[in-house]
Amino acid sequence: MEPSPATRGSETTRLVSPRDHSSASGGLRLKSLFTEPSEPLPEEPKLEGMAFHHCHKDPMPQSGLSPERVQARRQLYAACAVCFIFMAGEVVGGYLAHSLAIMTDAAHLLADIGSMMGSLFSLWLSTRPATRTMTFGWHRSETLGALASVVSLWIVTGILLYLAFLRLLHSDYHIEAGAMLLTASIAVCANLLMAFVLHQTGAPHSHGSRGTEYAPLEEGHGYPLSLGNTSVRAAFVHVLGDLLQSLGVLAASILIYFKPQYKVADPISTFLFSICALGSTAPTLRDVLLVLMEGAPRSVEFEPVRDTLLSVPGVRATHDLHLWALTLTYHVASAHLAIDSTADPEAVLAEASSRLYSRFGFSSCTLQVERYKPEMAQCPRCQEPSQA
């Protein structure tokens, strides 16, 4: 009977069932209590004579933030400060101008502040090491921050939509066109300034077609994913959306300034921009709920991962394949690999892990290697999950 190798890092190799191993060793001990063994008991395997497979390709991360993340944090701090100042100015200006359209733009800035604060909070928590209680670390705080940002935006937008609906029913309101025009002009300048602060010079480090979403789901190349770049890129895209909305508010304010009888443009703009704001956060909410429900990342499909594992020499079948995302950029995979009796478990483990890291950019992989048995084909638990 072959010994069961120990767990190495995030991958686990299992050759025999622990129950079989314990029952066999227990039987030998009971026999030795009543009869003299005819031959000496087998000695425990010596670790120094066994082949060693190091499953972690990347070195241990250093404590603190990397220079790249420090730069990202500085950009987010600056953009968050600018965003907060001009959001407060829009709230005051919208109140003085009695403009719901400007209030809607301020609500969108509030969502951007929440997104950037969530990114800064996750950057700080990412420096904390994993513990025996929080074995994955504190990375999921990024997802919770994104959820809080979306919920707050939807609540504020719902209130503004209700007020805009009342204005359409009752025309007893007055718009201070001058204050609205001044506030809208300042908002456009503020968004241009934030876009300049968040703009990343050089070639963008893109991993997929979803680079324009909040904290996009990425496919890496076996290296740690850059949370800093992702957060800054996501904030930059949000600012571009705010810039378009601010230009729309500016156009409505110009119309009301020169044609006061068209003051209905203010609640109409509120409806249009609210729909845009809710629509822009729908992908974020979908990704956040996918993470919280332990769903497979949208950038990684089940079939390619399964086929990649089956293409490893010596692998006969795979089961209990699970794909999920700890955060929007931290992808995890686990699987059982059934191998031939002649295959080398260490070689299979090394090759399978290397292919998963290099082709799909998983941040963590846990693989269990076991001998293939024909009854696995009829085992209900060994069957693939059904389509969604």
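Preceding this section is the structure that the text describes.
Within each chain, residue numbers correspond to sequence positions counted from 1 in written order. The predicted origin of the model limits local features to residues at a pLDDT of at least 70 and limits the giving and counting of side-chain atom pairs to 80 or more, whereas totals for whole chains, interfaces and linings rest on all residues. By convention in this description, side-chain values take in all heavy atoms of the structure and omit both hydrogens and water.

With respect to the overall build of the chain
Condition: Strands are runs of DSSP state E lasting at least 2 residues, helices are runs of H or I lasting at least 4, and numbering of each runs from the N terminus. Three exposure classes are used, based on accessible area relative to the maximum for each residue type with a 1.4 Å probe and protein chains only: buried under 20%, partly exposed in between, and exposed over 50%. Two residues form a contact once any of their heavy atoms are found within 4.5 Å. Here, Shrake-Rupley sampling with a 1.4 Å probe gives the accessible areas, and only protein chains in the shown set may cover a residue.
If you tally the helices and strands in the chain, you get nine helices and three strands. Starting at the N terminus, the α and β elements of the chain follow one another as α-α-α-α-α-α-α-α-β-β-α-β. Residues classed as buried in the chain amount to 43% of the 388 residues present. Counting contacts in the chain only where the partners sit at least 6 residues apart, residues at least 24 apart contribute 76% of the total. Here the chain displays about 21100 Å² of accessible surface, and carbon together with sulfur accounts for 64% of that area.

As for the sheet that holds strand β3 (residues 364–371)
Going by this rule: Here a strand pair is declared whenever DSSP counts at least two bridges between the two strands. A fitted line through C-alpha atoms serves as each axis, taken over the contacting stretch for helices, and the angle formed by two N-to-C directions is quoted from 0 to 180°.
Read across the open sheet, the three strands follow the order β1-β2-β3; overall the sheet is mixed. Each end of this open sheet is capped by a strand with a single partner; those strands are β1 (315–325) and β3. The average angle at which neighbouring strand axes cross in this sheet is 10°, direction not considered. Pairing between strand β2 (residues 331–339) and β3: eight bridges, direction parallel.

A closer look at unusual backbone geometry
A positive phi angle, close to 55°, is found at His98, a residue other than glycine. The exposure class assigned to His98 is partly exposed, which follows from its relative accessible area of 37%. Here Glu294, not a glycine, exhibits a phi torsion of approximately 60°, which is positive. One can find Glu294 in the loop between α7 (265–292) and α8 (302–310).

Let's talk about the pairing of β2
We count it as follows: For crossovers, right-handed means that the path from the first strand over the helix to the second runs clockwise, given strands pointing away from the viewer.
Within β2, nine of the nine residues are buried, which leaves the element mostly enclosed by the surrounding structure. Burial of β2 is two-sided: the residues His331, Ala333, Ala335, Leu337 and Ile339 facing one way and the residues Val332, Ser334, His336 and Ala338 facing the other way are all buried. Sheet topology places β1 next to β2; eight bridges connect them, and they run antiparallel. Bridging across to β2, Ala325 finds its partner in His331. Between the end of β1 and the start of β2, which pair antiparallel, lie five residues. Once the chain exits β2 it traverses helix α9 (residues 345–360) before rejoining the sheet at β3, and the crossover so formed is right-handed.

Things to note about helix α4 (residues 141–169)
For clarity, the cut-off: Take the residue count of a helix, subtract one, and multiply by 1.5 Å to get its expected span.
The end-to-end C-alpha separation of α4 is 43 Å, in line with the 42 Å expected for 29 residues at 1.5 Å each. Turning to α4, its buried residues number three or more, namely Ser141, Glu142, Thr143, Gly145, Ala146, Ser149, Val150, Leu153, Thr157, Leu160, Ala164 and Arg167.

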